[in-house]
Each structure stands twice: as structure tokens, then as C-alpha cells.
Amino acid sequence: MKLVTAVIKPYQLDAVKEALHALGVAGLTVSEVQGYGRQKGHTEVYRGAEYTVEFLPKIKVEVLTDEIDVEKVVDAVVTAARTGKIGDGKVWVISVDDVIRVRTGERGLDAL
Amino acid sequence: MSQYVVSEPSAPPARPSGGPLSTRRDQIGAAARAQRAAALDAWLAAMFPDHLPGVSLIAVGGLGRRDCAPHSDLDLVLLHNGTAGIDRIASALWYPIWDAKLGLDHSVRTLPEALSVAHDDVKVSLGLLDARHIAGDQDLSAELIAAAADQWRRTAVRLLPQLREITTARWATHGELAFLLEGDLKEAAGGLRDVTILRGVGRAGVADTMRPAVRAADLRLLDTRDALHLAVGRRVDRLVAQERAAVAELLELDDGDALLRRVAGDARTVAHALDDAWRAADRLRSGRRRGAPAGAPVRRPVARDVVEQDGELVLARTAIGPVPDPSLSLRVAAAAATVQLPIARATCEWLAAFCPPLPMPWPGVARAALVSLLGSGAGLLPTWEACDRYGLIDAWLPEWARMRSLPQHHPVHRFTLDRHLVQAAYEATSYSREVERPDLLLIGAFLHDVGKGLPGDHSLAGAPVAAEIAARIGLPPADVTTVETLVRLHLLLPDVATRRDLSDPVTISTVAEAVGDIATLDLLHALARADSHATGPAAWSDWKGRLMAELVRRVHLALDTGELPAPPEPDPELLTGELPAVHLDGDRVAVAAADRRGLLAAVAACLAMHRLDVVAADASTVDGRAIVEFWTQPRYGSPADPVALAADLRRVAAGDVSVTQRLRARAMSGRGGTASPRVVWQRAVATDAAILELRAADSAGLLYRVATALDDAGAELRAARISTLGSDVVDAFYLVGPWTSAPERDRVAEAVLAAV
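What you see is a predicted model, and the numbers here were worked out from it, not measured in a lab.

Caption draft 1: A look at the overall build of chain B. Regarding its fold elements, chain B presents 30 helices and 15 strands. Counting only C-alpha atoms and orienting by the principal axes, one finds that chain B spans roughly 100 × 75 × 45 Å. Contacts spanning at least 24 positions in sequence make up 69% of the contacts within chain B whose residues lie at least 6 apart.

Caption draft 2: Structural context of the overall build of chain A. Scanning chain A from N- to C-terminus turns up two helices and four strands. Seen in sequence order, chain A has helices and strands lined up from the N terminus as β-α-β-β-α-β. Structurally, chain A occupies a C-alpha span of about 55 × 25 × 20 Å along its principal axes. Relative to its 112 residues, chain A shows a buried fraction of 19%. Long-range pairs, those at least 24 residues apart, make up 72% of the contacts in chain A between residues at least 6 apart in sequence.

Caption draft 3: Spotlight on the sheet that holds strand E1 (residues 55-60) of chain B. All names here are of chain B. Strands sit in the order E3-E2-E1-E4 across an open sheet of four strands; the sheet is mixed. Each edge of the open sheet carries a strand with a single partner, namely strand E3 (104-110) and strand E4 (132-136). Averaged over neighbouring strand pairs, the angle between their axes works out to 25° when direction is ignored. One ladder, built from four bridges, connects E1 with E4; its direction is antiparallel. Bridge pairing in E4 links Ala59 to Arg132.

Caption draft 4: Broad picture of the interface of chain B and chain A. Taken together, the contacts link 17 residues of chain B with eleven residues of chain A. At the level of elements, helix H4 (86-99), E3, helix H5 (111-120) and helix H6 (122-128) of chain B are the ones that each hand at least two residues to the side of chain B that touches chain A. Here the side of chain B that touches chain A takes six residues from H4 of chain B, the largest share from any one element. Residue composition of the side of chain B that touches chain A, grouped by class: seven nonpolar, three polar and seven charged.

Caption draft 5: Spotlight on the domain arrangement of chain B. Per the domain assignment, the segments making up chain B are domain 1 (21-156), domain 2 (158-290), domain 3 (304-396), domain 4 (432-568) and domain 5 (579-755). Look at where the C-alpha atoms of domain 1 of chain B and domain 3 of chain B centre, and you get two points 48 Å apart.

Caption draft 6: Quick peek at the pairing of strand E2 (residues 29-35) of chain A. All names here are of chain A. For E2, a buried count of zero out of seven residues is recorded, marking the element as mostly open to its surroundings. Inspection of the sheet shows E2 paired to strand E3 (residues 56-65) by seven bridges, in the antiparallel sense. Residue pairing for E3: Thr29 is matched across the bridge by Glu62.

Caption draft 7: Summary view of the sheet that holds strand E7 (residues 312-315) of chain B. All names here are of chain B. If you trace the three strands from one edge of the open sheet to the other, you get E5-E6-E7, paired in antiparallel fashion. Each edge of the open sheet carries a strand with a single partner, namely strand E5 (299-303) and E7. Averaged over all pairs of adjacent strands, the angle between strand axes in this sheet comes to 40°, irrespective of strand direction. As paired elements, E5 and strand E6 (residues 306-309) share four bridges and run antiparallel to each other. Looking at E6, one finds that Arg299 is bridged to Gln309. Sitting on the sheet, helix H12 (residues 328-339) is in contact with E5, E6 and E7, with an inclination near 105° to E5.

Caption draft 8: How the structure looks around the packing of helix H22 (residues 492-499) of chain B against helix H24 (residues 518-535) of chain B. Residue and element names in this part refer to chain B. Relative orientation of the contacting elements H22 and H24 amounts to 80°, with a least axis distance of 8 Å. By the criterion of interaxial angle, the relationship of H22 to H24 is roughly perpendicular. Together, Leu492, Leu493 and Pro494 of H22 and Leu524, His525 and Ala528 of H24 make up the contact between the two elements.

Cut-offs applied
Residues numbered from 1 in each chain as written. Chains lettered and ligands numbered in written order. Predicted model: local features only at pLDDT ≥ 70, side-chain atom pairs only at ≥ 80, totals over all residues. Helix = DSSP H or I, 4+ residues; strand = E, 2+ residues; numbered from the N terminus. Contact = placed C-beta atoms within 7 Å. Buried ≥ 20, exposed ≤ 12 C-beta atoms within 10 Å, placed from the backbone. Pairing = 2+ DSSP bridges. Axes fitted to C-alpha atoms, helices over the stretch in contact; angles between N-to-C directions. Nonpolar A, V, L, I, M, F, W, Y, C, P; charged D, E, K, R; others polar. Domains from an automatic or database assignment. Parallel < 35°, antiparallel > 145°, perpendicular 65-115°, else oblique.

What follows is the structure, given as C-alpha cells:
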């Protein structure tokens with residue numbers, strides 16, 4: 001089982017949600033976060049002091065999926081979130097040892 | 001919207017290559033840096049649109065100065081006149097740079113915007129002084145460069161105090177490049193950023209800062225950074241110990257030590273120049289504030305032959321004669337350190353040139369000045385550094401040349417040897433009220449590591465050197481003996497406190513015999529604490545402090561009354577009641593069981609599984625019960641769950657082997673070391689036992705494996721003391737018996753080494 005995490009621009013959330021829904025992903029978690037990458041939070045036409053670093057608001061999306069579908073999920077998120085401009089964010093995948101559904105106690109793939 | 005042609009992005013300049021040493025060496029040096037700059041210029045200019053008036057691309061920072069290290073960032077400013085569509089022009093430049101994985105610091109400004117940001121921010125002001133036109137409207141670039149330089153000249157004297165504050169804060173964070181064993185070549189005091197500031201101060205017309213010595217130091221520091229980037233393969237500015245040898249090889253220096261010495265020398269040159277620059281700026285500001293000074297300058301007496309003038313110390317007229325007093329330079333230094341004022345540069349130069357050498361032995365007034373200097377507290381370090389710069393220390397102490405910038409190789413050290421010694425004297429002032437002879441404490445702290453760099457054990461090698469120096473500075477023979485003892489035994493208390501059983505009377509009597517008297521004991525205690533604090537944050541802990549205090553207390557008692565401490569009573573809770581019994585109390589773990597064999601090892605295994613480090617262990621048999629007591633520290637900060645721990649301990653005490661099996665499985669995967677472990681036997685230092693000392697790399701379950709090996713070899717373990725320094729452990733095992741037979745000792749030693 002895998003956890004796909006994506007940090008994206010806030011206004012791309014709807015597009016990502018639609019794309020995941022179309023794939024049949026059953027659930028996801030969303031949180032409001034802040035971050036910056038190589039451009040230190042500056043826009044293309046930033047005019048302040050070069051050495052300062054700014055946090056920008058972002059959205060973090062987390063999806064649990066099985067090994068078979070993980071590539072499709074990643075592709076869907078990347079395609080939906082991309083604007084082609086700086087600040088588009090990153091997606092990464094980590095392995096999950098176990099998942100449990102709280103209400104029924106099911107474990108593993110049955111809990112996805 | 002004006003028409004312009006946007007060029008297609010071409011390939012970025014080639015990344016730094018690996019390959020043979022000669023190829024990599026070609027990428028170091030001013031010519032290579034200029035070449036990299038030229039390649040970047042060409043690439044950026046090719047990307048810039050043609051026929052575009054009112055827009056230009058300017059490089060600042062390293063690219064502006066053409067000082068490009070192999071993995072440097074680009075600092076670029078896109079300057080425009082309010083051109084429409086500037087965002088698209090900017091994107092067409094920045095995206096290829098980001099996609100080429102080059103670091104980029106960018107801004108897009110009109111001329112008034114650029115000047116306004118510079119006006120409010122001294123760091124931006126300084127950066128614009130390095131501005132250089134890359135592409136586009138040359139007249140526009142020239143306008144900005146001229147306006148920025150002019151603005152700097154007009155506002156610098158007002159801005160310099162702000163710059164000085166920022167610099168002081170930066171130095172506090174990054175330390176001094178001249179004395180750190182792993183300094184940041186750019187941000188530490190005396191590093192490349194300070195050279196940029198020196199250039200700016202020079203451009204402001206405040207002082208002539210970029211003298212030949214500073215320029216040469218700058219070039220060598222830039223070469224060192226080039227080599228560091230090549231050695232590491234990415235943008236790293238901190239000269240870490242493991243890269244020193246590779247960097248030295250690229251720079252064609254003998255070894256890492258030679259590299260460190262060179263960097264230290266260059267950093268000192270830069271730091272001293274910056275110090276002079278700040279003072280020149282201060283004089284300029286106070287001169288401007290008061291207008292022309294009226295009449296004779298005000299001179300305030302500070303000490304005999306020393307007066308203060310304009311915030312600096314100079315010589316009184318009485319001091320300057322045909323035959324100056326040889327103790328004059330020491331007295332000036334002592335005064336400067338005590339009142340925390342700098343010595344005027346002219347005075348330092350005069351003293352270096354004209355102060356005669358001290359007679360041997362030194363007169364009392366010179367010795368008193370040295371002690372006063374060493375004990376001055378906060379003023380010691382800056383004054384010492386100023387005296388060292390002008391060669392005054394070499395005149396006082398010929399041995400200093402060997403110790404200047406000497407690297408230290410144990411990772412627990414932060415400073416080079418010279419700074420460590422002065423820092424030890426500084427730390428020792430905190431303990432001066434605890435000893436009868438604070439002067440001997442200061443001298444002992446200052447000389448304690450004087451044997452480093454000489455062959456052999458540095459305590460033993462340093463003692464005669466320290467004795468000679470002590471005699472030379474005029475101490476009476478009894479005091480010379482004390483100083484010699486302090487240097488020879490400066491590691492005795494910390495070593496014994498952490499590696500020996502303090503309740504064993506033989507431990508206490510050995511130390512009492514070596515130390516001799518209470519005054520020396522107090523001096524050694526203060527010296528050990530000052531030394532630890534002057535070494536680095538990893539050299540001291542509350543645990544060590546408490547152990548040492550306990551040792552000193554017991555030795556004190558022994559020296560005072562001749563009494564030796566009685567062995568401690570075992571925990572009364574474990575002496576009665578059911579077996580197995582477990583008692584947890586803070587950091588103490590005690591277990592009682594019916595059978596002694598393997599108990600200590602099994603409990604050690606259990607503690608290791610709960611991520612607890614053992615610092616001390618005692619094993620005894622009382623009324624047929626085997627009792628083991630451990631003192632523990634959590635390995636990772638959070639303490640173990642007492643309920644789970646107690647349950648596991650009861651199981652192992654009852655003979656359950658599952659815990660030890662789990663630990664064996666884990667230990668197999670974790671092993672791997674660099675230096676090979678060593679075993680040393682010490683006999684006649686414990687009651688009815690011999691000590692087997694193991695030095696090895698720390699690993700989980702080490703105590704368990706060694707204790708099991710000792711059990712299997714038939715040795716009876718009475719106590720263990722574990723002392724950790726960085727990733728190394730010294731374990732002292734008290735094995736019952738006389739151990740007179742050498743083959744027996746070798747057999748056990750081999751068994752222990754095989755278990756590590």
C-alpha cells in the first residue's frame with residue numbers, strides 16, 4: 001500500500017479532486033499548509049531584497065492507494081495540478097505498513 | 001507593445017566535471033572563475049531579447065564580481081523603465097535558469113525602485129556595488145551603477161553602524177573562521193562576506209581597506225571555496241573535517257592541517273582589516289559629529305604608563321624613553337583587557353618594534369600583568385587576538401608559534417589549540433573563588449594542553465614544557481611544581497570519575513596519592529571543568545559534573561582525615577521478599593535474582609532493547625541472592641516506559657531468553673566500525689580485582705555482548721563503568737581476582753574483542 005502526498009497551489013484543488021474522483025479514488029485528506037521551493041516564494045517579477053525567503057499558502061493532499069493504482073493516481077494529480085508556472089509544488093510516494101478502518105477493524109487492502 | 005525578438009534558450013554552461021586531478025585543478029583559481037563568469041555571461045546574453053530599449057540585465061553578487069565558484073548561485077537584477085510585458089521577458093530568462101538547476105536570486109525593478117530598496121536595506125546597497133551589465137540597454141545599467149555608487153558614498157557613514165550590528169550577529173551565529181575546526185568560508189568572521197564588506201567600506205571612502213594582504217587572502221579563500229565545491233560536488237561553504245584532505249590535495253597543499261593553517265591565517269588578515277575599518281568609521285563619525293576637535297585631545301589615565309584617548313589605549317608619555325620597561329607590552333595588554341578597550345594600532349606597532357625582551361626569569365610586575373590579562377574575563381579574547389596579530393605573544397612565549405592555529409583531531413573539539421588554551425583561561429575565571437591560588441589556576445589552564453602536537457601522551461609531554469615556562473615567568477619552585485602537576489594530571493579527575501568505581505577504596509587512594517594535597521585537588525577540579533567548557537558542547541554533561549564532584553568529595557575526605565569510603569550497601573528492597581525482584585528509581589535500575597550467572601548480561605540486554613544507555617553497573621551477591629544495579633540514561637531523550645521495562649526485567653531475571661535473542665538479531669545488523677577496538681588491563685588499581693578497559697565504537701547491545709563473553713570465559717564481573725565521548729566508548733570492567741597469569745588475561749581479552 002502507498003501514501004501519495006501532494007503539495008499544490010490552493011486554486012488547483014478542485015481540478016485535483018475531480019481527477020481523483022474520476023479515477024475512482026475512495027477518499028483523501030486535505031490540509032492547509034505553507035511552503036516554498038527553489039524560488040524562495042518570490043514571483044517572477046519580485047522586486048524586494050534578493051536574500052529574503054517568503055512562505056506561500058499551499059494545500060497538501062494525501063491519498064492512500066494500492067501498488068497497482070499508484071502510478072495512475074500520481075499521474076492524475078500531477079496533470080491536474082500543473083499550471084506550468086513556479087510554485088506548482090511536488091508529489092511524493094511512501095510505503096505504508098498497515099491501514100485499519102476504524103469502524104469495522106478491517107486491515108490492509110480491505111481498509112482502503 | 002514594442003516588438004522584440006525573444007531568443008531561443010541555448011544550452012547552459014557545462015557543469016563542473018570530475019576526472020583526473022589535473023582537470024579538476026584547472027577549475028580552481030582566478031582564471032577559472034573568470035572563465036565561468038564569461039560562459040554564464042554569454043549564455044544569459046544569448047537568452048536576452050535583441051532590440052529592447054529600456055530593459056537591461058545586471059549581475060550582482062559573485063557573478064557581478066566574476067568570482068564564480070563551481071556551484072555558485074546567480075544573482076540577477078532585471079532593470080526596466082516601466083516596460084509593458086516585463087513579466088514575460090522576466091519569465092523567458094528565469095525559467096531556463098531554473099530548469100538548468102542553477103540557483104537563482106532574482107529581482108525585477110525600475111531604477112527608482114532599485115535605489116529605494118537599497119536606501120532602506122544596507123545589504124542590498126552593498127550588493128549593488130558589485131553590479132555589472134550583462135545584456136540589454138547599456139545606458140540604463142550605467143545609470144543604475146553610477147547612482148547606486150553615489151548613494152552609497154553619501155549614506156555609508158550613516159549606514160555602517162547598522163551593517164556592523166548585522167555583522168556582529170552573523171559572527172555570533174557562525175563563529176570565527178580563524179579558530180573553528182569546521183568554519184563556514186563565507187559567513188564566519190574573517191570569511192568571504194567580510195571581504196565584501198571591506199570592499200564596500202573602501203568604496204565609501206572611509207579607509208583604504210583592500211590592501212595587498214587582504215587581496216591575497218581573498219584570492220586564497222576563493223580558491224579554497226572552489227576546491228571545496230569541487231570536492232563535495234555541490235554548493236557547500238562549510239569546510240568540514242572529512243573534506244579537508246581532498247581540498248588540500250586539490251590546492252596542492254601538504255595535508256588537511258596545512259590547509260587549516262592557511263585558512264586561519266587568511267581569516268585573521270580579513271578579520272583584522274575589518275576591525276581597523278570599523279574603528280576608522282567610528283573615528284569619522286565622531287569627528288563629523290563634534291566638528292573639528294578643539295585644543296589638545298583628552299587623555300584619561302587607565303594604568304601605569306597607559307592612557308585612554310578617543311576610545312583606544314595609547315602609551316603615556318612617561319612610558320616612551322630610550323630604554324622602555326620590558327614588562328610594558330604585558331601591562332598594556334592587561335589594562336586593555338581589564339577595561340575592555342582596544343589598543344591603538346600605532347601603540348601595538350611601537351610595542352612590537354621597541355619593547356625589549358623580558359629578562360629570565362620575569363620580574364614580578366610582568367608576571368602579575370600576565371595573570372591579570374588571563375583573568376580579565378570578557379576582554380581577554382579580543383585583546384589576545386590583537387596582541388597575537390602584532391607578534392607580541394611570540395615575544396612573551398616562544399612556544400606560541402608551534403601552537404598557533406594547530407588543528408585538533410578529536411571531533412569533540414570546536415577550536416584550534418591556540419584558541420582552546422585562551423578559552424580555557426577565560427572559563428577558569430568562573431572558578432577563581434573556589435581555589436586558594438587563582439593565579440596558578442589561570443596559568444595551569446592556559447598551559448594545560450601545551451603538550452599537544454608533541455609526540456606521545458600530551459599530558460606527559462606537556463608537563464616539562466609547562467614547568468619550564470612556569471620557571472621562566474619567575475614562579476617560585478613550589479609553584480612550578482604545582483603547575484607541572486596540574487598539566488600532567490589535568491585529565492585524571494574526568495577519566496577516573498567516568499571510568500572507575502568511586503566506591504572502591506583503591507580508586508580513591510590512588511587519586512589521593514597522585515594529587516597529594518587538597519589545594520592541588522581543588523585546582524584540578526576547577527581546571528577539569530574549565531577545560532571541558534572550552535572544548536565544545538559534547539565534552540560536558542551534568543552526569544559527568546556530578547561524578548566528578550562526588551570523586552572530589554571522596555578524595556577530599558581521604559586527604560583530610562585519611563579515611564577511605566566504605567563500600568555502599570545494596571538496595572534494602574531487594575534483600576528480602578520474593579525473587580526475582582525489580583526496583584526502578586529514576587535513572588537507577590536494580591534487579592535481584594536467585595542465580596548470578598548471566599544476570600548482568602541479560603539485564604543489560606533488556607535495557608538496550610528499551611533504548612537505555614548504561615553508564616554504570618554493579619554486581620554483588622548478598623545472602624545467596626545475586627543483585628545487579630545499573631545507572632541509565634535514555635539513548636534518544638525520552639525515558640522508557642517503567643511498567644513495560646519492569647515486566648521485561650522480571651522475565652529476564654527469571655531466565656526467559658526471548659529478550660536476549662531479539663537483541664542478538666538486532667545487533668547483527670548494526671555493526672560496523674572504523675578503528676579497531678582495543679583492550680588494556682589495569683591491575684593494582686582496585687580492591688581484589690583487575691580492570692579490563694575496552695575502547696571501541698559505541699553500538700546497541702555492546703555491554704550485553706561483552707558481559708556474555710566475560711561470563712563464558714569464566715570471569716566474574718563485579719562492576720562496570722561506561723564513559724562515552726562522541727561515538728567512542730571506554731568500558732571499564734572490574735573482574736574479581738588477582739589476574740596474575742598473562743595467558744589468562746590474553747584469553748579473556750581475545751574473547752572480549754571477538755564479542756565487540
